[in-house]
Amino acid sequence: MAANPLYHDIILEHYEYPRNKGEVQEPDAKSRGANAMCGDDLVVSLRLDSQAAALENIAWNGHACAIGEASASMMTDAVKGGPNENARRWLKTVRGLLTNKPDDIDPSIELGDIEALEGIKHYPVRIKCALLAWEALDEALRLAETKRGVAGG
Ligand code: ZN
């Protein structure tokens, strides 16, 4: 768990009161992420807006450990309603944060609660838990863009 006790509380708060849990109606794409090592099994569903340029709605469902569920809650909070490119900036930043690649952290991003995930980089077996929902976002976004005919999707 994160070394800083404040960060521990932020993670538990998201675990107890998860944001955007459920399923998006008529999603453009869904992606499942599973982590057999601790039984995490999540599905991220998302729907793009009429221009296919922003995440009109995103939700996650399933079961995971505290870190896996908190991270899914934080992920949906961070990218919901924002442009696809914003979601990609977040993805790169969170991967940078958790795999100790500070150059990948976008300095223009206001981390907020997600700063609480940084301490997990010191616990290698937990990194996959924290990244699970983000990897599912990456795949769901790619599938949704392909479905909607966005170039480069
Ligand atoms: Zn886990």
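Residues numbered from 1 in each chain as written. Predicted model: local features only at pLDDT ≥ 70, side-chain atom pairs only at ≥ 80, totals over all residues. Heavy atoms only, no water.

Engineer: Describe the overall build of the chain, and please don't skip the residues or the numbers.
Structural biologist: Scanning the chain from N- to C-terminus turns up 4 helices and 3 strands. Taken from the N to the C terminus, the helices and strands of the chain come in the order α-β-β-β-α-α-α. For 153 residues, the compact-globule formula gives about 15 Å, and the C-alpha radius of gyration of the chain, at 15 Å, lands near that figure. Each principal axis of the C-alpha distribution contributes one length, and for the chain these read about 45 × 30 × 25 Å. With 153 residues in all, the chain has 47% of them scored as buried. Surface summary for the chain: the accessible area is close to 7500 Å², and the carbon and sulfur share equals 50%. Looking at the chain, you have 17 positive and 24 negative side-chain charges, and the mean spots of the two groups are 5 Å apart. (Helix = DSSP H or I, 4+ residues; strand = E, 2+ residues; numbered from the N terminus. Rg over C-alpha atoms; globule rule 2.2 N^0.38 Å. Buried < 20%, exposed > 50% of the residue type's maximum accessible area, 1.4 Å probe, protein only. Areas by Shrake-Rupley, 256 points an atom, 1.4 Å probe, with all protein chains shown as cover. Lys, Arg positive; Asp, Glu negative; His and termini not counted. Charge placed at Lys NZ, Arg CZ, Asp CG, Glu CD.)

Engineer: Give me the lowdown on the packing of aromatic side chains, citing residues and values where you can.
Structural biologist: Enumeration according to the criterion identifies 1 aromatic pair in this entry. Between the aromatic rings of Trp-90 and Trp-134, the centroid separation amounts to 6.2 Å while the plane-to-plane angle is 35°, which identifies the pairing as tilted. Of this pair, Trp-90 sits in helix α3 (residues 84–98) while Trp-134 sits in helix α4 (residues 124–147), and the two are 44 residues apart along the sequence. (Phe/Tyr/Trp six-rings, centres within 6.5 Å; stacked < 30°, edge-to-face > 60°.)

Engineer: Please provide a residue-by-residue account of the pairing of strand β3 (residues 55–63), values included.
Structural biologist: Bridge count for strand β2 (residues 40–48) against β3 is 8 bridges, and the pairing is antiparallel. Among the inter-strand pairings, Ser-45 is bridged to a residue of β3, identified as Ala-59. The hairpin formed by β2 and β3 contains 6 residues between the paired strands, and Ala-52 there has a positive phi angle of roughly 60°. (Pairing = 2+ DSSP bridges.)

Engineer: Which residues make up the coordination of the zinc ion, and what values do they have?
Structural biologist: Coordination of the zinc ion by the protein is provided by Cys-38 (SG), Asp-40 (OD), Asp-40 (OD), Cys-65 (SG) and Cys-129 (SG), with metal-donor distances spanning 2.2 to 2.7 Å. Counting along the primary sequence, the residues that act as donors to the zinc ion give the motif C-x1-D-x24-C-x63-C. Of this pair, Asp-40 sits in strand β2 while Cys-65 sits in the loop between β3 and α2 (66–79); the two residues are 25 residues apart in sequence, bridging distant segments of the chain. Judged by relative accessible area, which is 17%, Cys-65 ranks as buried. (Donors = N, O, S within 2.8 Å, 3.2 Å for Na, K, Ca; no water.)

Engineer: Go over unusual backbone geometry, please, and point to the residues and values.
Structural biologist: At Glu-26, a position not held by glycine, the phi torsion is positive, near 45°. Of note, Glu-26 is situated in the loop between α1 (5–16) and β1 (29–35). Although it is not a glycine, Ala-52 adopts a positive phi angle of roughly 60°. Here Ala-52 shows up in the loop between β2 and β3. Note on Ala-52: relative accessible area 7%, which makes it buried.

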